[in-house]
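Here is what each chain is made of, one letter per residue.
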Amino acid sequence: MGNYSAVTEFFLVGLSQYPELQLFLFMLCLIMYVIILLGNSLLIISSILDSRLHTPMYFFLGNLSFLDICYTSSFIPTMLTIFRSEKKSISFIGCALQMVVSLGLGCTECVLLAVMAYDRYVAICNPLRYPIVMNRVLYVHMAAWSWIIGCLNSLVQTVLIMLLPFCGNNVIDHLTCELLALLKLICSDISMNVLIMTVASILFLVVPLLLIFISYVFILSTILRLNSTEGRKKAFSTCSAHLAVVVLFYGSALFMYMKPKSKDTKTIDEIIGLSYGVVTPMLNPIIYSLRNKEVKEAMKKVLSRHFHSRKI
């Protein structure tokens, strides 16, 4: 294999071929990060303070908002530093931590979105049994297991990659320590890693998406059978926000992880990755607040309390 020095740091050179865009990207990502923090924090606070939102759907939504804050905080601060730094480096341990957290939370979100689809299925297709089926013990366990299995998968994949030899290759053609970009630096057999990654992609992308699709087939069938126009409108409004988030999240995720692999990471991959990692968490609270009357009213109440207390 030859004498290679151990890799102690990585250089993240994604989009560095466009130096004129670095300041613009820094400001854009900073603004979006602030919106992510404020929007998702407001959604969490609203769901806690407003008793009308103490239901399984808003409990899952609170989990999703907290997850988005943690997910983006795992890489955006580092990315902002790199945009404004000459030395675009991250330590080996820092890279490993970034990957285990971002991958784990990404997988958790896949499962959580499927769980939220099941919640909507029970609420619309079996409304009378909804309080019994979606009891507190069940929905807390569903959320907890979403976190556990997502993080376990990430831990296994990260450890298996970081134990492999990099043979001095430490230039990552990406904005973050992303799984596919790191695999390209390995100088030994990665067939086992590719197999595990493929299986994980099926389990965390395809299977949840299939469950979401099946849930919405039943939901749509039930809604179309409703006699009341107002009832149909209300049912659609509770599902449309979740469906929009699913399309946004899974669209970019499936493109990133299920498309045919090219030899080099292309600029389009980095832009899609940025959309997947930053734009989706930013739009989640906006989509839910625009499409859901209860969330909108709860947010207004929290903001009015805050501004009223400041005036006093």
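Small disclaimer: the values here were computed from a predicted structure and weren't measured.

Participant: Hey, could you run me through the overall build of the chain in this one?
Facilitator: For the chain, the count of helices and strands is 11 helices and 3 strands. Starting at the N terminus, the α and β elements of the chain follow one another as β-α-α-α-β-α-α-α-β-α-α-α-α-α. Look at the contacts in the chain between residues 6 or more apart in sequence, and 81% of them connect residues 24 or more apart. Total accessible area on the chain stands at roughly 15800 Å², and carbon and sulfur atoms take up 70% of it.

Participant: Would you mind going over the packing of aromatic side chains with me for this structure?
Facilitator: Pairs of aromatic rings are described using the distance from one ring centre to the other and the angle between the two planes. Under the definition given, this model contains 11 aromatic pairs. Measuring from centroid to centroid gives 6.0 Å for F66 and W147, while their planes differ by 40 degrees, and the two rings are tilted. Residue F66 is found in helix α2 (residues 56–73), and its partner W147 is found in helix α6 (residues 136–162); the two are separated by 81 residues along the sequence. What makes F66 partly exposed here is its relative accessible area of 43%. Lying over the aromatic face of F26, R84 brings its terminal NZ or CZ to 5.9 Å of the ring centre.

Participant: Just checking my understanding: could you explain the pattern of salt bridges for this structure?
Facilitator: Using the criterion set out here, one finds 3 salt bridges in the structure. Salt-bridge contacts for E9 lead to K87; the nearest nitrogen and oxygen are separated by 3.8 Å. Here E9 is found in strand β1 (residues 9–12), whereas its partner K87 is found in the loop between α3 (76–83) and β2 (89–91), with 78 residues between them in sequence. What makes E9 partly exposed here is its relative accessible area of 22%. Notably, a salt bridge pairs D50 with R52, separated by 3.0 Å at the nearest N-O pair. For D50, a relative accessible area of 6% puts it in the buried group.

Participant: Hey, could you run me through the nonpolar core in this one?
Facilitator: The tendency in soluble globular proteins is for nonpolar side chains to be buried side by side. Counting 68 residues, the largest nonpolar core has F60, M79 and L113 as its most contacted members. Looking at this core element by element, the count peaks at 14 residues for helix α4 (residues 92–125). With sequence-adjacent residues up to four places away left out, F60 is seen in contact with L112, V115, M116, D119, M134, Y139, M142 and A143. Judged by nonpolar contacts, the second largest core, of 23 residues, contains V7, F92, I172 and L180.

Participant: Sorry if this is basic, but what is going on with empty space enclosed by the protein here?
Facilitator: The probe, sized like a water molecule, is rolled over the atoms to show the empty space still left. As enumerated under the stated definition, the model contains 7 cavities of 30 Å³ or more in all. Its volume calculated, the second largest cavity comes out at about 50 Å³. The wall of the second largest cavity is formed by M57, F60, M116, D119, R120, T238, H242 and Y288. Sorting the residues of the lining of the second largest cavity by element identifies α2, α4 and α9 (229–258) as the ones contributing at least two each.

Participant: Whenever I open this one, the environment of H54 confuses me. Can you help?
Facilitator: Relative to the helices and strands, H54 resides in the loop between α1 (22–49) and α2. Contact partners of H54, with chain neighbours within four places excluded, come to S47 and I48. Here the side chain of H54 touches S47 through a polar contact of 3.4 Å, landing on its backbone oxygen. In terms of polar contacts, H54 uses its side chain to reach the backbone carbonyl oxygen of I48, at 2.8 Å.

Participant: I'm lost on a nonpolar patch on the surface in this one. Help?
Facilitator: Together, M192, L195, V199, I202, L203, V206, V207 and L211 give the surface a local cluster of nonpolar side chains, amounting to about 670 Å² of exposed area. Along the polypeptide, L203 turns up in helix α8 (residues 191–224). Look at L203 and you get partly exposed, because its relative accessible area is 49%.

Scoring rules and cut-offs
- Residues numbered from 1 in each chain as written.
- Predicted model: local features only at pLDDT ≥ 70, side-chain atom pairs only at ≥ 80, totals over all residues.
- Heavy atoms only, no water.
- Helix = DSSP H or I, 4+ residues; strand = E, 2+ residues; numbered from the N terminus.
- Contact = heavy atoms within 4.5 Å.
- Areas by Shrake-Rupley, 256 points an atom, 1.4 Å probe, with all protein chains shown as cover.
- Phe/Tyr/Trp six-rings, centres within 6.5 Å; stacked < 30°, edge-to-face > 60°.
- Buried < 20%, exposed > 50% of the residue type's maximum accessible area, 1.4 Å probe, protein only.
- Lys NZ or Arg CZ within 6 Å of the ring centre and 35° of its normal.
- Salt bridge = Lys/Arg side-chain N within 4 Å of Asp/Glu carboxyl O.
- Core = buried A, V, L, I, M, F, W, Y, C linked by side-chain atoms within 4.5 Å.
- 1 Å grid on protein atoms, 1.4 Å probe; cavity = no way out; pocket = protein on both sides within 12 Å on 5 of 7 lines; lining within 4 Å.
- Points joined across faces, edges and corners; volume = space filled by probe spheres on them.
- Polar contact = N/O pair within 3.5 Å; in protein donor to acceptor, adjacent residues only side chain to side chain.
- Patch = residues over 30% accessible without salt bridge, like charges linked within 9 Å, V, L, I, M, F, W, Y side chains within 5 Å.

All quantities given are derived from atomic positions and should not be read as evidence of function.
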